[in-house]
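Coordinate inspection notes
Spelled out from the first residue to the last, the chains are:
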Amino acid sequence: MNGLLTNVNSAECMDEFCRIMKFPRECAEQISEIIEFREVEDGTVLISQGEMSYNICFILSGFGVGYCVTDMGDSKCLYLQTSSYVLCSLATLAHGEVSEYCCCMQRGGLVAVIDDRKLMSLAMSDVKICVWYIGVLKSALVRFEKKAANFITKDSRHRLQELYDESPEIFSNALGKQIASFIGVTPVHLSRILSSKVHR
């Protein structure tokens, strides 16, 4: 994990984790043994493309971006994540393979980091943590599925509108080229859509 990190383990951070990630507070003592709270700077890389990472990064504040670099050197945006979202390598977690994309904090903030292998072990011994973790993974998979379905069934205007309706704060954190890449258009085409005031 690149970039300046400051460990900030504290009861306040655990309270934020439980509140934002809807983690069962009665299990806070158990999870405290495997969780790390870190204040990260702008641009901190959490997961690198082409490397294996078992870290699950829960964004408690700040703004995260997930992207992959193509063989042509182009950057394609996969995630635009604000607080309450998770950044992880599903390829590593599910199959022990290298990550297909890079995850970084474009705007620094507070991140909770847990090693998936330790979390899996803990979940096996506590049903409440197990249910919570299954919910986290389901949410990540649903986001992927929804994005894939949107690319097949909706045009770019509808994809942009839906992004704005669900996460308007993204538009004050992401770069225009990142939003364009995320909905599958060029920055020029995005400007044309925005000029028509699609998300008024």
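Residues numbered from 1 in each chain as written. Predicted model: local features only at pLDDT ≥ 70, side-chain atom pairs only at ≥ 80, totals over all residues. Heavy atoms only, no water.

1. Considering the pairing of strand β9 (residues 109-115)
Burial of β9 is extensive: seven of the seven residues sit out of reach of the surface. Strand direction decides the pairing type here: strand β2 (residues 35-40) and β9, joined by six bridges, are antiparallel. Considered in β9, the bridge of Phe37 is made with Ala112. In this structure, strand β4 (residues 55-59) lies alongside β9, joined through five bridges in antiparallel fashion. Paired with Phe58 across the strands is Ala112, a residue of β9. (Buried < 20%, exposed > 50% of the residue type's maximum accessible area, 1.4 Å probe, protein only. Helix = DSSP H or I, 4+ residues; strand = E, 2+ residues; numbered from the N terminus. Pairing = 2+ DSSP bridges.)

2. Side note on helix α4 (residues 116-123)
Among all positions in α4, only Asp116, Leu119, Leu122 and Ala123 are buried. For α4, the buried positions fall inside an angular range of 125° around the axis, keeping them on one side. The inward-facing, buried residues of α4 abut α2 (28-31), β4, α3 (90-95), β9 and α5 (127-153). (Arc of directions from axis to C-beta. Contact = heavy atoms within 4.5 Å.)

3. Notes on helix α6 (residues 156-166)
Each α-helix winds once per 3.6 residues, and so residues spaced three or four apart point in a common direction. Taken as a whole, α6 has its buried residues at Ser156, Arg159, Leu160, Glu162 and Leu163. End-on, the buried residues of α6 take up no more than an arc of 165°, which puts them together on one face. On its buried side, α6 packs onto β6 (75-81), α5, α7 (176-183) and α8 (187-195). Two to three positions downstream of the cap, the backbone nitrogen of Arg157 sits 3.2 Å from a side-chain oxygen, assigning the N-cap of α6 to Asp155. (Polar contact = N/O pair within 3.5 Å; in protein donor to acceptor, adjacent residues only side chain to side chain.)

4. Considering the side chain of Gln81
Following the sequence through the fold, Gln81 ends up in strand β6. A distance of 3.5 Å separates a polar side-chain atom of Gln81 from the backbone oxygen of Val86.

5. Some details on the packing of aromatic side chains
Summed over all chains, the structure comprises nine aromatic pairs. Considering the side-chain rings of Phe17 and Phe23, the 5.5 Å spacing of their centres and the 45° angle between planes classify their relative orientation as tilted. Seen from their ring centres, Phe17 and Phe37 are 6.3 Å apart, and the 70° between their planes marks the pair as edge-to-face. Of this pair, Phe17 sits in helix α1 (residues 11-20) while Phe37 sits in strand β2, and the two are 20 residues apart along the sequence. Here Phe17 matches Phe37 in class, with each residue buried. (Phe/Tyr/Trp six-rings, centres within 6.5 Å; stacked < 30°, edge-to-face > 60°.)

6. Overview of the sheet that holds strand β8 (residues 102-107)
Taking strand neighbours across the sheet as the criterion, the four strands line up as β3-β8-β5-β6 in an open arrangement whose pairing is antiparallel. Both edges of this open sheet fall to β3 (44-47) and β6, since each of them pairs with a single strand only. The sheet shows a mean angle of 30° between the axes of neighbouring strands, taken without regard to direction. In this sheet, β6 lies alongside strand β5 (residues 63-69) in antiparallel orientation, the contact comprising six bridges. Its bridge partner being in β6, Val69 is matched across the sheet by Ser75. Those strands touched by α7 are β5, β6 and β8, and its axis lies near 95° from that of β6. (Axes fitted to C-alpha atoms, helices over the stretch in contact; angles between N-to-C directions.)

7. Some points on the confidence of the model for the protein chain
Scored by pLDDT, the protein chain has a mean of 89; 94% of the residues are at 70 or more. Confidence scores differ between elements of the protein chain, with strand β1 (residues 5-7) showing the lowest mean pLDDT of 55 and α4 the highest of 96. (pLDDT = per-residue confidence, 0-100.)

8. Some details on the pattern of salt bridges
The tally for this structure, following the rule as stated, stands at eight salt bridges. Across the pair Arg25 and Asp15 runs a salt bridge, and its minimum N-O distance is 3.5 Å. Taken together, the residues span a long stretch of sequence, with Arg25 in the loop between α1 and α2 and Asp15 in helix α1 at a distance of 10 residues. Judged by its relative accessible area of 46%, Arg25 is partly exposed. Notably, a salt bridge pairs Lys146 with Glu166, separated by 2.2 Å at the nearest N-O pair. Within this pair, whereas Lys146 is found in helix α5, its partner Glu166 is found in helix α6, the two being separated by 20 residues in sequence. Salt bridges sharing common partners tie together Lys146, Lys154, Glu162 and Glu166. (Salt bridge = Lys/Arg side-chain N within 4 Å of Asp/Glu carboxyl O.)

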